[in-house]
There are 2 protein chains.
Amino acid sequence: MVDRVYNFSPGPATLPYEVLQQASKDVVNFKETGIGLIEISHRSKEFMAVADETESLLRELMEIPDNYKVLFLQGGASSQFFMIPMNLLSHGKKATYLNTGTWAKKAIKEAKLFGDIDVAFSSEEASFNKVPTQDEYTVDSASEFLYLVSNNTIYGTQFPEFPVTEKLLVSDMSSDILSRKIDVSKFGLIFAGAQKNMGPAGVTVVIIREDLLDRTPENTPTMLTYKTHADKGSMFNTPPCFAIYAVGEVLKWLKKLGGVAAMEEINKEKAGLLYDCIDGTDFYRGHAEKNSRSLMNITFNLPTPELEVQFVAEAATIGLNGLKGHRSIGGCRASIYNAFPREGVIKLVDFMKEFETKNKG
Amino acid sequence: MVDRVYNFSPGPATLPYEVLQQASKDVVNFKETGIGLIEISHRSKEFMAVADETESLLRELMEIPDNYKVLFLQGGASSQFFMIPMNLLSHGKKATYLNTGTWAKKAIKEAKLFGDIDVAFSSEEASFNKVPTQDEYTVDSASEFLYLVSNNTIYGTQFPEFPVTEKLLVSDMSSDILSRKIDVSKFGLIFAGAQKNMGPAGVTVVIIREDLLDRTPENTPTMLTYKTHADKGSMFNTPPCFAIYAVGEVLKWLKKLGGVAAMEEINKEKAGLLYDCIDGTDFYRGHAEKNSRSLMNITFNLPTPELEVQFVAEAATIGLNGLKGHRSIGGCRASIYNAFPREGVIKLVDFMKEFETKNKG
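A quick note: this is a predicted structure, and the numbers were derived from the prediction, not measured. (Residues numbered from 1 in each chain as written. Chains lettered and ligands numbered in written order. Predicted model: local features only at pLDDT ≥ 70, side-chain atom pairs only at ≥ 80, totals over all residues. Heavy atoms only, no water.)

K.L.:
So, the domain arrangement of chain A: which residues are in play, and what are the values?
P.N.:
All names here are of chain A. Domain boundaries assigned for chain A yield domain 1 (18-256) and domain 2 (258-359). Of note, the centres of domain 1 and domain 2, computed from C-alpha atoms alone, are 27 Å apart. Across the contact, 28 residues belong to domain 1 and 26 residues belong to domain 2. For the pair domain 1 and domain 2, the summed buried surface comes to about 2,200 Å²; carbon and sulfur atoms form 54% of the total. At the junction of domain 1 and domain 2, the tally comes to zero salt bridges. Linking domain 1 to domain 2 there are 18 residue pairs in polar contact (both at pLDDT 80 or more). Looking at the side of domain 1 that touches domain 2, the elements that each hand over two or more residues are strand 6 (151-152), strand 7 (157-158) and helix 6 (241-256). The element best represented in the side of domain 1 that touches domain 2 is helix 6, accounting for four residues. (Domains from an automatic or database assignment. Contact = heavy atoms within 4.5 Å. Buried area = accessible area lost by both parts, 1.4 Å probe. Salt bridge = Lys/Arg side-chain N within 4 Å of Asp/Glu carboxyl O. Polar contact = N/O pair within 3.5 Å; in protein donor to acceptor, adjacent residues only side chain to side chain. Helix = DSSP H or I, 4+ residues; strand = E, 2+ residues; numbered from the N terminus.)

K.L.:
Got a sec to walk through the sheet that holds strand 3 (residues 94-99) of chain A? Specific residues and values, please.
P.N.:
All names here are of chain A. The strand order 2-10-9-8-5-3-4 describes an open sheet built from seven strands, whose pairing is mixed. Of all the strands in the sheet, just strand 2 (68-73) and strand 4 (116-122) have a single pairing partner and so form its edges. Neighbour-to-neighbour, the strand axes of the sheet open up by a mean angle of 15°, direction not taken into account. Relative to strand 5 (residues 143-149), strand 3 runs parallel, the two being bridged by three bridges. Of the residues in strand 5, the one forming a bridge with K94 is S143. The strands that helix 4 (residues 102-111) touches are strand 3, strand 4, strand 5 and strand 8 (168-172); relative to strand 3, the one it contacts most, it runs at about 160°. (Pairing = 2+ DSSP bridges. Axes fitted to C-alpha atoms, helices over the stretch in contact; angles between N-to-C directions.)

K.L.:
Would you mind going over the relation of the copies chain B and chain A in detail, with residue names and values included?
P.N.:
By a simple turn and slide, chain B fits onto chain A: the slide is 0.0 Å along the axis, the RMSD is 0.0 Å, and the turn is 180°. In the structure described here, the two chain copies are related by an operation that fits a two-fold rotation axis. Minimal C-alpha separation from the rotation axis in chain B is found for S24 of chain B, amounting to 2.1 Å. Counting the interface residues of chain B, we find that 100% of their copies in chain A are interface residues as well, pointing to one common contact surface. (Least-squares fit on C-alpha atoms with pLDDT ≥ 70 in both.)

K.L.:
Describe the interface of chain B and chain A, with residues and values.
P.N.:
On the chain A side, the residues contacting the 57 residues of chain B number 57 residues. Together, V28, I38 and E39 of chain B form the three largest contributors to the area buried by chain B at its contact with chain A, with a combined 15%. Among the salt bridges present, the one from R4 of chain A reaches E39 of chain B, with a minimum N-O distance of 2.4 Å. Where chain B touches chain A, the interface holds 20 residue pairs in polar contact (both at pLDDT 80 or more). Looking at the side of chain B that touches chain A, the elements that each hand over two or more residues are helix 1 (17-28), helix 3 (76-88), helix 4 (102-111) and helix 6 (241-256) of chain B. Considering each element in turn, the side of chain B that touches chain A owes the most residues, seven residues, to helix 1 of chain B. Split into classes, the residues belonging to the side of chain B that touches chain A amount to 26 nonpolar, 25 polar and six charged. (Nonpolar A, V, L, I, M, F, W, Y, C, P; charged D, E, K, R; others polar.)

K.L.:
Would you mind going over helix 8 (residues 305-317) of chain A in detail, with residue names and values included?
P.N.:
All names here are of chain A. For helix 8, built from 13 residues, the straight-helix expectation of 18 Å at 1.5 Å per residue is met to within 8% by its first-to-last C-alpha distance of 19 Å. Within helix 8, the full set of buried residues consists of L307, E308, F311, V312 and A315. Taken down its axis, helix 8 places every buried residue within 135° of arc, on the same side. Opposite the buried face of helix 8, by more than 90 degrees, sit the exposed residues E306, V309 and T317. Looking at the buried positions of helix 8, the neighbouring elements they touch are strand 12 (297-301), strand 13 (320-321), strand 14 (332-335) and helix 9 (342-359). Where helix 8 ends, the next residue or the one after it, G319, has phi of about 85°, a positive value. (Expected span 1.5 Å × (residues − 1). Buried < 20%, exposed > 50% of the residue type's maximum accessible area, 1.4 Å probe, protein only. Arc of directions from axis to C-beta.)

K.L.:
Quick one: what's the story with the sheet that holds strand 14 of chain A, residue by residue and with numbers?
P.N.:
All names here are of chain A. If you walk across this open sheet you meet the three strands as 11-12-14, and the pairing is antiparallel. Whereas interior strands pair on both sides, the edge strands pair on one side only; in this sheet they are strand 11 (285-286) and strand 14. Across two bridges, strand 11 lies against strand 12 in antiparallel orientation. Bridge assignment links R285 to a residue of strand 12, and that residue is N301. Across the sheet, helix 7 (residues 259-279) lies against strand 11, strand 12 and strand 14, angled at about 15° from strand 12, the strand it touches most.

K.L.:
Run through the side chain of E39 of chain A, naming residues and quoting values.
P.N.:
Here E39 of chain A shows up in the loop between helix 1 (17-28) and helix 2 (45-62). A relative accessible area of 1% means that E39 of chain A is categorised as buried. For E39 of chain A, the side chain forms a polar contact with the side chain of R4 of chain B, separated by 2.4 Å. Excluding anything up to four places from it in sequence, E39 of chain A contacts R4, N7, P12, A13, T14, L15 and L20 of chain B.

K.L.:
Describe the packing of helix 3 of chain B against helix 4 of chain B, listing the residues and the values that go with them.
P.N.:
Residues and elements named next belong to chain B. Running from N to C, helix 3 and helix 4 point in directions that differ by 40°, and their axes come no closer than 8 Å. Considering the angle they form, helix 3 stands oblique to helix 4. Both helix 3 and helix 4 take part in a crossing whose hand is right-handed. Taken together, the residues of helix 4 that come into contact with helix 3 (itself represented by S78, F81, F82 and P85) are W103, K106, A107, E110 and A111. Here the residues of the contact of helix 3 with helix 4 sort into six nonpolar, one polar and two charged. (Parallel < 35°, antiparallel > 145°, perpendicular 65-115°, else oblique. Left-handed = near helix turned anticlockwise from the far one by under 90°.)

Structure, rendered in structure tokens:
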């Protein structure tokens, strides 16, 4: 047994240990084929079975309706920032975006290359410390879709519920997919980079309602057209086999654990332990407004930047790694995605209490 | 020790066994960090060191001049088919392409979305059984670049030498990069998907002359602009960490073995064994014209399609896997990239001789 540390990294992020162990075996010799998983043909029956199983598990766990396609793409969530407007917004048409953080802002920048983008809400002036409630913005009636980032990794905010609208909803769920139950049928398109809640870096999941596949303008490059990948089961070209495999292993782990509903309860409890600690003192201050708090990324400050540096360094010495906040807001951040163990959260809470006692001056 | 088979798959393709063994360890616990390689932050000093070492090894092994950038991108070689003209061809400008196979043809299709494409040579009518010599085509003086596929995986053809031209040379080297010495300074851009000669699927290497980074039209999406990735050392967004790591391990193996020049000699010998076998009989017929023969993919036919089916099936029973030719030309294909062991080639030659004796009727 390896001496594991608690890795609070925001992504790539900690994975279930049993997934790492299985991958370690399969990399060298996949299913006793005498061929390693990372050298086996993507057209082999062994790998096709992996790809099929990964897709079915995702469909089962997220209860994805039959009229949605599930794509496994490359290029990261960042590539979806332009692929979405490139495919869904014919030139000149309008879409509404909610500016709740760095990743929303980047998506807005790319969308403006393709259409008329209406930014209906922004919390930028308040260091993105909240997401809006539905009465804080209006969606222009001419908009083709409403775009939002479900969970804002850097700022530790999360939509507690999704907008109710007749518009197509498009959501970046990179940092909270599979962490809570959602109704996929309310969305036109959902996407997520794998490296937070699903697996290693290198694959991005896109869940798209079938009828939207016909909106892509002619003359869009083949590889940038969603339909290309939908029609070929994400095998139009060689897919990122290892990353897809690893996502499949994470999904098996999640299923065994009870699925998304069970995971949601665990996530609420884990985040609750940290928020209770923060709320029980003046030493720690949460960055996010209470009703915008994320269950995935807990952002907080200490009384001074010097104490924050000391906190992060001391934590690392006892195996609590990666607690430094993102440079854009500073402070501390504990990323506790699905695979982050409850014991690590308890160890952090204990450390926070001790650190406070020693340093409250 | 795992019971390995000889995997003649055209890609993803066999990797050095020591690379698989190292990956197997690192996946679970990378450099005794207590964090697995596939869950460690791409911004961690440990992963940054991996990315830096991978790039330096590639620069060293290929003798890449300082005025070239090396990028590690996602999206497969197929994404380069549109990224190249998108970045290098302003609308309406001309480029010359040589149509030597399926992958060249796909690149031509995408390029036509961006510029005026002159197809100066095609061997399509002869089932792509050859690449042209320089006197078989003319490059239009208005062309911005000359595009060619260095090795044609499906048809088993390879340019024995590269065109001498004042034009910018752009080459898809997906299936022969690092297999023979080339002079990078003669090229404007070289690209290659990793999954044949460099590592697992999931990363594409682009080697681009620095001055070309300024040709991208404004309003090109950020992720599709080469300069974005060049300026950030391929870390603009989360890179495909595992694939980059594995490429690095393959490069270490190649260096230990003597580098590209030593590899080239080994490749000539391996391919020579198979071509000698094919040329020594009428039972086997090579698909490619002799002066266009590939050192990487050896394509051949048997007297009848039925015998070919039998050949592929019998070979598999003795651990010679993946010998079926691509559906577009049928027949048989032995893909023997850098990591394919010489002993596997000898075993195949022995099998071919036996099979001939038994079946020549």
